[in-house]
Structure formats: C-alpha cells, structure tokens
Amino acid sequence: MAYTYLITGATSDVGRALIERLLQSAPADTLVLAQGCGDLAKMAELCRRYPGQLRTYDVDLSDRAKVDAFVEVLAADAPAPTHFIHLPALPVVNTKFKAFDQRRFDLDLEIEVHSAVRLCKAVLPAMARAKFGRVLFIQTSYTIGYVMAKSAIGGLVKSLAVEYAKFGVTVNCVAPSMMETNFLKDTPDLIVQAAAEDNPMGRNATPADVVPAMTFLLSDEAGFITGVTLPVTGGSAIV
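The paragraphs below set out a description of the structure included in this document. Think of each chain on its own: its residues are numbered from 1, step by step along the sequence as written. Only residues with pLDDT of at least 70 are given local features in this predicted model, and only at 80 or more are side-chain atom pairs given and counted; all residues enter the totals for whole chains, interfaces and linings. Side-chain metrics in this entry use all non-hydrogen atoms of the structure; hydrogen atoms and water are not considered.

## Brief notes about the overall build of the protein chain
Of regular secondary structure, the protein chain possesses seven helices and seven strands. Counting from the N terminus, the helices are DSSP H or I runs at least four residues long and the strands are E runs at least two residues long. The order of helices and strands in the protein chain, counted from the N terminus, is β-α-β-α-β-α-β-α-β-α-β-α-α-β. The dimensions of the protein chain, computed from C-alpha atoms along their principal axes, are 45 × 40 × 35 Å. Evaluated residue by residue, the protein chain yields a buried proportion of 48% over its 239 residues. The criterion used for residue contact is that any of the two residues' heavy atoms lie within 4.5 Å. For the protein chain, contacts bridging at least 24 residues in sequence account for 74% of all contacts bridging at least 6. Calculation of accessible area relied on Shrake-Rupley with a 1.4 Å probe; when residues are assessed, cover is drawn exclusively from the protein chains displayed. Of the accessible surface of the protein chain, which amounts to about 11500 Å², a share of 57% is contributed by carbon and sulfur atoms. His is not counted, nor are the chain ends, whereas Lys and Arg count as positive and Asp and Glu as negative. Taken as the charge location is NZ of Lys, CZ of Arg, CG of Asp or CD of Glu. For the protein chain, the separation between the mean place of its 22 positive charges and that of its 25 negative charges on side chains is 4 Å. Buried residues are those whose accessible area, probed at 1.4 Å on protein chains only, stays under 20% of the maximum for their type, while exposed residues exceed 50% and partly exposed ones sit between those limits.

Encoded structure:
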C-alpha cells in the first residue's frame with residue numbers, strides 16, 4: 001500500500017523534521033503533500049532531495065474558502081491521504097488574560113481548529129473506506145495562554161478516535177513541553193531559559209525529541225493506539 005501523507009504546517013521546524021524522517025527511508029511511491037503559507041521557500045532543500053515525493057501547496061488556513069479550495073485541489077490532483085498530520089499554529093504570545101487579543105485568538109482558532117475540522121471531513125471518509133488511516137495533531141504541555149485552541153483539538157481527537165476506530169483509523173496527539181522552534185520567536189528569552197531550567201532534563205524540547213514519537217504514532221505498529229495524547233516533556237508535569 002502506497003502511503004500519502006498530508007501535512008499542514010509542514011514548513012514549520014517540526015514539519016520539516018518530520019518530512020525528513022518519513023522520506024529518508026521510505027519507498028519511492030511514498031508521497032508527502034505539504035502545506036505552507038507564504039513560506040514554501042523553506043521546503044526547497046527537501047524538494048531537491050526528494051524529487052517526485054514532495055508536493056507543496058501555498059494555502060492560507062485562516063481563510064475557510066481557501067481551505068475548501070485546497071480540498072478540491074487535493075481531490076483532483078493527488079491520491080487520497082492515508083495519513084493526515086495537522087501542525088499549524090501562530091507563534092506563542094505570553095500575555096495575561098486582561099490583555100487578551102480577541103482578533104488574534106479568532107485567527108488562531110481558524111488556523112488550528114476550523115481548518116482541522118474541514119480537512120478531517122475531507123480525508124476521513126476515504127480512510128474509513130480503505131480501513132486504514134492515521135491522523136495526528138500536536139498539542140502542548142505548555143498550557144497557559146494560547147492553549148484554548150489546543151484544548152479544542154484535544155476534544156476533536158477524542159471524538160474522532162471513538163468514531164473511526166472501527167474503521168482502522170487512529171487519531172492521536174503528541175504534547176511536547178516547551179519546544180525551541182520558530183514558534184517561540186515572540187517569547188522572551190528569560191521565559192525560555194526558565195522553562196529549560198525547570199525541566200528535569202535541564203533543557204527544552206527540540207523537534208528531534210518530538211518527531212520520533214510522532215513517527216511511531218503514524219506507523220503501522222501503532223494501529224491499536226488511538227485517542228491518546230502522548231507527552232514528550234523530559235519528565236516535566238503536564239498541566
């Protein structure tokens with residue numbers, strides 16, 4: 001069975017690391033459909049290294065009409081995804097609730113949650129018919145502030161896991177502790193350093209720590225694991 005991975009937020013640090021791991025030893029008929037937004041140049045090296053196995057799409061996931069158009073393009077031009085990995089999010093902003101930015105929250109909700117629902121509606125029926133599928137989201141143990149959208153994803157995971165288990169489709173999450181990626185670009189260095197010092201391992205997570213757990217949950221061997229959130233935290237507590 002040829003695998004087709006649909007990865008949204010693929011241009012992120014985690015997305016690129018995941019693509020590298022998936023393709024480095026994959027059969028030649030493995031295909032990755034990679035979504036980014038205005039930053040597809042980040043995929044150039046991977047496209048060069050894996051010609052024919054990586055297709056990129058520039059799609060604004062905050063625009064529902066563009067998400068629906070993306071679905072139509074995929075249906076016309078690509079095999080039905082066997083795996084769907086949803087990674088997009090806005091950079092973390094550390095603010096108190098009294099400074100809550102409603103507009104930014106609405107944007108993040110569109111990008112993280114509403115697009116996930118629309119894409120799941122598009123890809124899950126084919127997975128159910130094939131009696132095979134893997135769906136994976138990324139949450140976080142860093143649950144103060146922007147995590148209302150992440151909590152909604154957690155509810156979606158549980159609902160989909162129950163409904164689609166009988167079809168051989170698994171739906172899971174990984175939940176890293178603070179991970180040093182571009183998503184922390186607006187986070188003060190002192191907060192990042194304090195998180196590292198508080199972690200039992202004395203450092204923050206990196207994509208290299210998280211991608212192996214993601215790869216496992218996407219694998220054939222994880223076929224009896226669904227509805228879980230796997231913490232990748234270096235021993236720190238999940239809030």
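Next comes the rest of the account.
## Details of the packing of aromatic side chains
Both the distance between ring centres and the angle between the ring planes are used here to describe each pair of aromatic rings. Ring geometry is summarised as follows: Phe, Tyr and Trp rings, the Trp one being its six-membered ring, pair when their centres sit within 6.5 Å, and such pairs are stacked at plane angles under 30 degrees, edge-to-face over 60 and tilted between the two. Counted by the stated rule, this structure contains five aromatic pairs. Their ring planes at 90° and their centres at 6.3 Å tell us that Tyr3 and Tyr5 sit as a pair that is edge-to-face. We classify Tyr5 as buried; its relative accessible area is 8%. Seen from their ring centres, Tyr164 and Phe167 are 5.9 Å apart, and the 50° between their planes marks the pair as tilted. Overall, Tyr164 belongs to the buried group, its relative accessible area being 13%.

## Describing empty space enclosed by the protein
Any residue with an atom within 4 Å of a point lines the site, the site being either a cavity, points on a 1 Å grid over the protein atoms alone where a 1.4 Å probe fits but cannot get out, or a pocket, an open set with protein on both sides within 12 Å along at least 5 of 7 lines. Grid points are joined across faces, edges and corners, and a volume is the space filled by probe spheres set on the points. A complete count under the given rule lists two cavities of 30 Å³ or more for this structure. Of the voids in this model, the second largest cavity is the one considered here, and its volume is about 40 Å³. Looking at the second largest cavity, the residues that line it are His86, Leu87, Pro88, Glu112, Phe137, Ile138, Lys150 and Ile153. Those elements that place two or more of their residues in the lining of the second largest cavity are β5 (133-138) and α5 (148-164). Partitioning the lining of the second largest cavity into residue classes produces five nonpolar, one polar and two charged. Polarity classes work like this: nonpolar for Ala, Val, Leu, Ile, Met, Phe, Trp, Tyr, Cys and Pro, charged for Asp, Glu, Lys and Arg, and polar for all others, with Gly in that last group.

## Some words on the pairing of strand β3 (residues 54-58)
Bridge analysis of strand β2 (residues 31-36) against β3 gives five bridges, and the strand direction is parallel. Of the residues in β3, the one forming a bridge with Ala34 is Thr56. The rule for pairing is simple: two strands pair if DSSP sees at least two bridges between them.

## Remarks on the side chain of Asn199
Examined against the element boundaries, Asn199 turns out to sit in the loop between α6 (189-198) and α7 (207-218). Throughout this description, a polar contact denotes any pair of N or O atoms lying within 3.5 Å of each other; where both atoms belong to protein, one of them has to be capable of donating a hydrogen while the other can accept it, and for residues adjacent in sequence the pair is counted only when both atoms sit in side chains. Here the side chain of Asn199 touches Met201 through a polar contact of 2.8 Å, landing on its backbone nitrogen. Those residues in contact with Asn199 that sit more than four places away from it in its chain are Ser177, Thr233, Gly234 and Ser236.

## Some thoughts on helix α4 (residues 102-130)
Working rule for helices: expected span equals 1.5 Å times residues minus one. Taking 1.5 Å as the rise per residue, α4 with 29 residues should run 42 Å; its terminal C-alpha atoms sit 41 Å apart, in good agreement. Axes are fitted to the seven residues ending at a residue and to the seven starting at it; the angle between these axes is taken as the bend at that residue. Glu110 marks where α4 bends most, by close to 40°. In the segment just after α4, Lys131 is the residue with positive phi, at about 60°.

## A short note on unusual backbone geometry
A positive phi is found at Lys131, a non-glycine position, where the angle reads about 60°. By secondary structure assignment, the location of Lys131 is in the loop between α4 and β5. Residue classification places Lys131 among the exposed residues on the basis of a relative accessible area of 52%.

## Things to note about the sheet that holds β2
Taken in spatial order, the seven strands make up an open sheet running β3-β2-β1-β4-β5-β6-β7, and their pairing is parallel. Looking at which strands have only one partner, the edges of the open sheet turn out to be β3 and β7 (229-232). The mean inter-strand angle of the sheet, taken between neighbouring strand axes irrespective of direction, is 15°. The pairing of strand β1 (residues 4-8) with β2 spans five bridges and is classified as parallel. Across the sheet, Thr4 pairs through a bridge with Leu31, a residue of β2. Orientation is described by lines fitted to C-alpha atoms, with helices fitted over the stretch in contact, and by angles between N-to-C directions that extend from 0 to 180 degrees. Where helix α1 (residues 13-23) meets the sheet, it contacts β1, β2, β3 and β4 (83-86), and its direction lies at approximately 170° from that of β1. With respect to the sheet, helix α3 (residues 64-77) is in contact with β1, β2 and β3, its orientation differing from that of β3 by roughly 155°.

Shape descriptors only; they carry no functional weight alone.
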